[in-house]
Amino acid sequence: MIKFSRKYFWIIFFLPQLLSAQFYFFGRNKVQYENFNWNVIQTEHFNIYYYDNFFEIAKIGANFAEESYQDLKIKFNHVVSNKIPLIFYNSHIHFQQTNTTPGFIPEGVGGFFEFMKGRVVIPYLGSMIDFKHVIKHELVHVFMTNKIYNQLYDHRISTDRFPPLWFVEGLAEFWSTDWDTQSEMVMRDAVLNGLFVKLENIESIYGSYLMYKEGQKFLKFVSNNYGENKILELLQNFWRFKKFQDVIEFTLNEKYESVNEKWDYEIRKEYFPLYTSSFPHLIKSKRLTNSGFNFSPKIFNNNGKKEIYFIGNYNGYTSLMKIDYDSLEIENADPEVLIEGEKDDTFESFHLLEKSIDVSKNGIIAFITFSKGKDVIHLYSINENKIVETLGFQNLIRIKNPSFSYDGNKLVFSATDRKGYNDLYIYNFNEKSLIRLTNDYYEDIDPIFSPEEKKIIFSSDRTDGIFKKKKNLFGLDLTTREIKYLTYVNANVNNPVFAPNKNEIFFNCDYNGVYDIWKMTYSDSTNGMFQVTNFLTSVYSFNYLNEDKIITSAFEKFSFQFYELPLTSFDSNKFVAFYFDNIGEKWEEKSINVNQQKDVIKYQKDYTLDYAVSQFIADPVYGNQGGAFLTLSDMLGDDRYVFYIYNTAEVQNEILKNFNVAISKINLKNRTNYGYGIFHFAGRRYDIRESNEYFYERIFGGYISLYYPLSTFQRIETDLSLANSDKELIGKFLSRKALLLTNSISFVHDNAIWHATGPIDGSRFRILLGYTSDIKFSNVNYYTFMFDYRKYFRLGLRSTYAIRTSFYINEGKEARRFIAGGSWDLRGYPRFSIRGNKLWLVSNELRFPLIDQININFPFFGLSFFNLKGAAFFDLGSAWDKNYNETLGSIGFGIRLNLFNVIALRYDVGKKLQNNLSDFQKGLFYQFFFGWDF
């Protein structure tokens, strides 16, 4: 759930207007690749929104929601009276296209609750267990928000208060799922490596996954030591106190410090004894990498030289990489980037946390990226050092786990279709054919060919019986399509890999709480598995280096690194037997009963208020002025209406004359986004881009804008407006009438990635051509050209050299001026003091980390500031109308501070370069302002 306090709402709302000169030029695109045909399932407590072929899983999700509702109304002792809108997407790729939130959704987000319209938005990721968990997690947010609002309202307390995020997310986890393998892995790593934080410092990990898990763990501690009823009492007592630690003290009847210390003791008592039986990766393995995030190592013997190919992220861009194994003997050997991702639409994004790469014996790398609306498989030739083929399939949206056959002629993989099914497929390179192997809603992953290539070995949650829905290994006969169990344990088993002798299968299994490596004999008579490793934290994936060693990708100290593990490192004889007598039948998930004629309806747009703000100003000179701004949108966020109304009358008889209104409609449903509207503005104005004089202007008309994203990184924008303008220069009895037709077209590119205070890598540029003409009186006639290019050269993980080159021209009759000066462009000069119809600007800036953290402790509270950045800059530029006057410049040093992830504060010190750069100013200039780095 994402929530903003109302006291910050005004900052958030007005900031884009204040910073529009920085932001309107650039930005990545949210592309609507699909045209969804939405329907609604109406249940007792929910409206379930789904599209196309997702009906079967939507009914299952509806049943999960109703079951969760019945459980949560008891846990919260509360009912939500209004129907809850639940919006389902059949994959994460489609989920990322949602318009219910304007922001971009990264890979790790599994759903969200949007509190303005009360919407719950969730993608189906292939697992029924995860689907149920996320639905219930988000419904905990719905119940909590509703209950707290009612409590505060009933007690006549401002309703903009909310518990801290660690409690909000911790409760959502505690009441929606059991403690799972990933939770255990993260907590083990945090506690045993000194990364665990007590409640008093939990804000230092604000918004992180660790914060979710610590919150969940604390509530489990409260439940075990003080009683399950205390969880609800924490919510019921929330209205009594402004500080949440006071709520804890009152509810638990114990000092906050004492509760905190007891919890810390319980955590240490639980995890420290693990050192007696388990090992850190570095103790039993040799670490091969020291930085970045490294996943899915694949070993290829290239003419006697061993090479490791993998998916990694070292600089913010996920890429296909290679490391020469022999070079790892050299400390800090850097990997070679073969294909840099996330900079163009061919390799728009890699799925970093999924197994998405394999290498054939012929030297062909199969790797998966998102490209132009769906996942594709790229085939990269190691010998030719290039992409030789790209495979895309019409009805397959998400692809993962590619694996070559032993002869390299086939590729098996797991993929999601439009029904949301996560099934197995084989692509035959010789026949250019795709064969579907499974077709059901069970999650089938990690497929590999058996040595004789007659079976596919894979992991699936189709396990039934006493270990229902656990992931076990199965074998699928390619001739009969019969599926048989290979393992049957009360654990999750995945990532099978055949040993070089082809007689054993090694795999990951979480039998001991985290994913270790286990093995089994590959035969029909196998009746159990042996433990190979016993690490404190999980092995994520692995591959054979030779018969005696494997390369692992392991999680430790909140990082994924490669390790070289001799198979003789552990002397474990632990054996776990398989009990195939208890497998039962194939399970079926219960779905809600619906009458398709009565309970399922076509989605109809129903517009409701998003937000509304108003403002009133009483001034002794200019009189009373006021206005309002409000927006409406439909449930899916595809259609929006924006209303803006205010009055600038200074005396009573000008009220009607100076009535200002703008009405716009914005449509985001399809790939081509568009907006149109009408407006009427009147009043006394001062426009620094035109003159130093006040003037009265009445202008009314309409506009239309089109926005076509070519990809996430590039777009074309067009604008057309027609406006009638009557302008009078105050005090000089001069007037000008015009019927202004303005049109423009722009090409925009942005693949930059950001650090705390601005871009740190990539590039951004915009080229704009425009023309403005008075088509009735010929009083105005000018053309516009804009060019703005920005490039960021990475010097280190957190340092960069940034350069901006800009050139702007407005040429013609009554052409408007451009402005510069101040902290955002030509530093050292008064803000907006440099004006002209033509303007150029070159900025150079070296950005580097200065101080990672500052702590200020007061008697009753403390403040922490993070990521204090330094900047050395050199600016050049000028502006002129007809005759070029002089070149201006400045040089200096600045400090940048990201304040609460809302705004960046900037303080610059330097010298101006004067007289065509021939000398420096006397003394120094000092400028303090706000805004992100260019």
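See the structure printed just above.
Residues numbered from 1 in each chain as written. Predicted model: local features only at pLDDT ≥ 70, side-chain atom pairs only at ≥ 80, totals over all residues. Heavy atoms only, no water.

1. Notes on the overall build of the protein
Broken down by element type, the protein carries twelve helices and 52 strands. For the protein, whose C-alpha radius of gyration is 31 Å, the value lies close to the compact-globule estimate of 30 Å for 934 residues. On the principal axes, the C-alpha backbone points of the protein span a range of 100 × 70 × 65 Å. For the protein, the residues scored as buried account for 54% of the 934 residues in total. By sequence separation, contacts in the protein at least 24 residues apart represent 56% of the contacts at least 6 residues apart. Split by element, the accessible area of the protein, about 42,200 Å² in all, is 53% carbon and sulfur. One finds the centroid of the 105 positive side-chain charges in the protein at a distance of 5 Å from the centroid of its 108 negative side-chain charges. (Helix = DSSP H or I, 4+ residues; strand = E, 2+ residues; numbered from the N terminus. Rg over C-alpha atoms; globule rule 2.2 N^0.38 Å. Buried < 20%, exposed > 50% of the residue type's maximum accessible area, 1.4 Å probe, protein only. Contact = heavy atoms within 4.5 Å. Areas by Shrake-Rupley, 256 points an atom, 1.4 Å probe, with all protein chains shown as cover. Lys, Arg positive; Asp, Glu negative; His and termini not counted. Charge placed at Lys NZ, Arg CZ, Asp CG, Glu CD.)

2. Some points on the sheet that holds strand β5 (residues 119–123)
The six strands are arranged β4-β5-β3-β2-β1-β32 in an open sheet whose pairing can be described as mixed. Every other strand in the sheet has two partners, leaving β4 (112–114) and β32 (600–602) as the edge strands with one partner each. Shown here is a sheet whose adjacent strand axes are inclined to one another by a mean of 25 degrees, direction ignored. Summarising the sheet, strand β1 (residues 38–42) and β32 pair through three bridges and their orientation is antiparallel. Bridge pairing links N39 to K602 in β32. Docked against the sheet, helix α3 (residues 55–75) engages β1, β2 (46–51), β3 (84–89) and β32, running at close to 160 degrees with respect to β2. (Pairing = 2+ DSSP bridges. Axes fitted to C-alpha atoms, helices over the stretch in contact; angles between N-to-C directions.)

3. Points about the pairing of β2
Most of β2 sits inside the fold, with six of its six residues counted as buried. Residues F46, I48 and Y50 point to one face of β2 and N47, Y49 and Y51 to the other, with burial holding for every one of them. Both β1 and β2 contribute to a ladder of five bridges, which runs antiparallel. Within the sheet, the bridge partner assigned to I41 lies in β2 and is I48. Adjacent in sequence and paired antiparallel, β1 and β2 are bridged by three residues. Relative to β3, β2 runs parallel, the two sharing four bridges. Paired with N47 across the two strands is P85, which belongs to β3. At this point the chain moves from β2, through α3, to the parallel β3, and the crossover so formed is left-handed. (Right-handed = clockwise from strand over helix to strand, strands pointing away.)

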